[in-house]
Amino acid sequence: FNGKIVVISSLQKRNESLVNYYVTTYDNSGTPTQNENPVTSFTAGKFDYEKSKVILSSGRNRIMIVTREYSGDDNQTVYAAVLDTAFNEVANKNVIVPFPVKSFDVTGYVVSDKNDILFLGVSSEKIKALSSKRRIDYYMYSTMTADTLFKEFKMSSDKNITGLGVAFDNINNMAVFAGF
């Protein structure tokens, strides 16, 4: 990123209820440059977290740091922060996904060059208690630059789709979905 190797690390501060993220860059000679201040923070709960993911925009103008907090049996929280090429925070948002971790999984995250955030997930529930048949629904959560909240869109499927993915078209400012 910007001709350098980027290492993003996190540190949970339980006494302050925060998870702080730090950036260290390495130039071609291996010399590190580290900012002592966190580039972004998420409010930490008292639950377990998924390992953070780092997503680059297709134009390589934005870096998004995403993590999920498993908040019990009823829901989970997704935290997303967007950084510009100078590692300044330009967006920090979260959404509570109303599905337990056992029945909902995120299949992809994307960020646009304009700080729009989108993630795609799949919900799988048994139709009957003793049946092996499952109902599969796909959900998209998105928030545009000016929005403060995520919007949820349900994409029901009569057919089981595997390999569903999402990407951003930065020219037309649209999300593109593909699946098999």
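Before any of the text, the structure's been laid out above.
Below or above, wherever it landed, is the structure these notes cover. (Residues numbered from 1 in each chain as written. Predicted model: local features only at pLDDT ≥ 70, side-chain atom pairs only at ≥ 80, totals over all residues. Heavy atoms only, no water.)

The next point concerns unusual backbone geometry. What you tend to see is this: most non-glycine residues have negative phi, and most peptide bonds are trans. Non-glycine residue Arg60 carries a positive phi angle of around 60 degrees. Note that Arg60 resides in the loop between β6 (53–56) and β7 (63–70). Even without being glycine, Phe87 reaches a positive phi, approximately 65 degrees. Within the fold, Phe87 resides in the loop between β8 (76–83) and β9 (89–97). (Helix = DSSP H or I, 4+ residues; strand = E, 2+ residues; numbered from the N terminus.)

It is worth spelling out the pattern of salt bridges at this point. Summed over all chains, the structure comprises three salt bridges. Residues Lys151 and Asp147 are paired through a salt bridge, measuring 3.9 Å at the closest nitrogen-oxygen approach. (Salt bridge = Lys/Arg side-chain N within 4 Å of Asp/Glu carboxyl O.)

Regular strands place their side chains on alternate faces of the sheet. The buried count for strand β10 (residues 104–111) comes to six of eight residues, which makes it a mostly enclosed element. Judged from the seven bridges that link them, β10 and strand β11 (residues 117–126) form a sheet pairing that is antiparallel. If you follow Phe104 over to β11, its bridge partner there is Ser123. In textbook terms, the turn of a hairpin is the stretch between consecutive antiparallel strands, and for β10 and β11 this stretch comprises five residues, one of which, Asn115, has a positive phi near 75 degrees. (Buried < 20%, exposed > 50% of the residue type's maximum accessible area, 1.4 Å probe, protein only. Pairing = 2+ DSSP bridges.)

Looking now at the packing of aromatic side chains. Taken as a whole and assessed by the stated rule, the structure comprises nine aromatic pairs. An aromatic cluster of three or more residues is present, and its members are Phe99, Phe104, Tyr109, Phe119, Tyr139, Tyr141 and Phe150. (Phe/Tyr/Trp six-rings, centres within 6.5 Å; stacked < 30°, edge-to-face > 60°.)

Within the secondary structure layout, Thr24 lies in strand β2 (residues 18–26). Thr24 gets classed as buried once you look at its relative accessible area, which sits at 9%. Residues contacting Thr24, with those up to four places away along its chain left out, are Ile5, Val6, Val7, Pro32, Thr33 and Gln34. (Contact = heavy atoms within 4.5 Å.)

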